[in-house]
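# Overview (structure and organization)
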Amino acid sequence: ASPKVFSAGLDITEMCGKSAEHYAAFWKAVQEMWLKLFGSNMGSSPAGGCLMAMCCDYRIMADSPKYAIGLNETQLGIVAPFWFKDTMTHTVGSRVTEQSLQLGQMYPAPAALKFGLVDQLVPEDKVQSTAAAAMAQWLSVPDHARQITKSMIRKPIVDRLVKQREADIDNFVSFISKESIQKSLQAYMDRLKQKKQ
């Protein structure tokens, strides 16, 4: 809904004050989005938005202090699931992932580039044209070879979630339903409302 934001992350309102059945359906939809993007045969921010960006083959970010990217779940009092961690480790390596997830860090554009969270920084008005040029370069490679190579690299990570989907949903529902987590999420949403006023 905002032309200046790729994604504001997962919808916290879907994780607060709802039923266990709702949480399970929501989490299954998030898993499905990740499986489709990360395992995609085509190239296709905070928290969920960062996850979506890490699923892409190439990430271009506006070089502006207005923007940041990262998995900030711990700042909300929640824990990024193993497949968020696996995706970030795949993208930036173990040490950066460990520090980032424990502290819930959001990185400005230069740091995101330095750590490999994004591949290229460009002026804000050049993001779309740069993305189109990058996509053309990726699409110029024979598709079957590129896709087999991508699958060879990403398949073990995809398979791990596929094998553990139901257990992951159960863990999410159990965790997100805890009164302490609900209080933390509600406090965060209240702070967001205050900022908007």
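Heads up: the structure comes first, above all this text.
This report concerns the structure included in the present document. Please read these numbers as outputs of a predicted model, since none were measured by experiment.

A tally of regular secondary structure across the protein gives eight helices and four strands. Taken across its 197 residues, the protein has 41% of its residues classed as buried. Accessible area for the protein stands at about 11100 Å²; split by element, carbon and sulfur atoms hold 59% of it.

Moving on to the side chain of Ser100. Note on placement: Ser100 falls in helix H4 (residues 94–103). Residue contacts for Ser100: discarding those within four places in its chain leaves Leu71, Met88, Gln105 and Tyr107.

Overall, the coordinates contain eight aromatic pairs when judged by the stated rule. Centroid distance Trp27 to Phe172: 3.8 Å. Interplanar angle 10°. Geometry classified as stacked. No difference in accessibility class separates Trp27 from Phe172, as the two residues are buried. A ring pair is formed by Tyr107 and Phe115, whose centres lie 5.0 Å apart and whose planes are at 70°; its orientation type is edge-to-face. The buried category is assigned to Tyr107, whose relative accessible area is 7%. On the basis of relative accessible area, Phe115 is assigned to the partly exposed category, the value being 28%. By the ring-pair criterion, three or more aromatic residues cluster together here, those being Phe26, Trp27, Trp83, Phe84 and Phe172.

Taken as a whole, this structure holds 12 salt bridges when the rule is applied. Among the ionic pairs, Asp57 bridges to Arg154, the shortest N-O distance being 3.9 Å. Of this pair, Asp57 sits in the loop between helix H2 (48–55) and strand E1 (60–62) while Arg154 sits in helix H7 (residues 143–176), placing them 97 residues apart in sequence. As far as the burial class goes, Asp57 and Arg154 line up, both buried. Put simply, Glu179 and Lys183 hold a salt bridge, and the shortest N to O gap is 3.3 Å. Of this pair, Glu179 and Lys183 both sit in helix H8 (residues 179–196), four residues apart, which is roughly one turn of the helix.

Let's shift gears to the packing of helix H3 (residues 82–92) against H4. Axis separation between H3 and H4 bottoms out at 7 Å; the angle between their running directions is 135°. The angle between H3 and H4 places the two elements in the oblique class. The crossing of H3 and H4 is right-handed. Contact residues: Lys85, Met88, Thr89 and Val92 in H3; Ser94, Val96, Thr97, Ser100 and Leu101 in H4. For the contact of H3 with H4, the residue count by class is four nonpolar, four polar and one charged.

Thresholds, definitions, all that
- Residues numbered from 1 in each chain as written.
- Predicted model: local features only at pLDDT ≥ 70, side-chain atom pairs only at ≥ 80, totals over all residues.
- Heavy atoms only, no water.
- Helix = DSSP H or I, 4+ residues; strand = E, 2+ residues; numbered from the N terminus.
- Buried < 20%, exposed > 50% of the residue type's maximum accessible area, 1.4 Å probe, protein only.
- Areas by Shrake-Rupley, 256 points an atom, 1.4 Å probe, with all protein chains shown as cover.
- Contact = heavy atoms within 4.5 Å.
- Phe/Tyr/Trp six-rings, centres within 6.5 Å; stacked < 30°, edge-to-face > 60°.
- Salt bridge = Lys/Arg side-chain N within 4 Å of Asp/Glu carboxyl O.
- Axes fitted to C-alpha atoms, helices over the stretch in contact; angles between N-to-C directions.
- Parallel < 35°, antiparallel > 145°, perpendicular 65-115°, else oblique.
- Left-handed = near helix turned anticlockwise from the far one by under 90°.
- Nonpolar A, V, L, I, M, F, W, Y, C, P; charged D, E, K, R; others polar.

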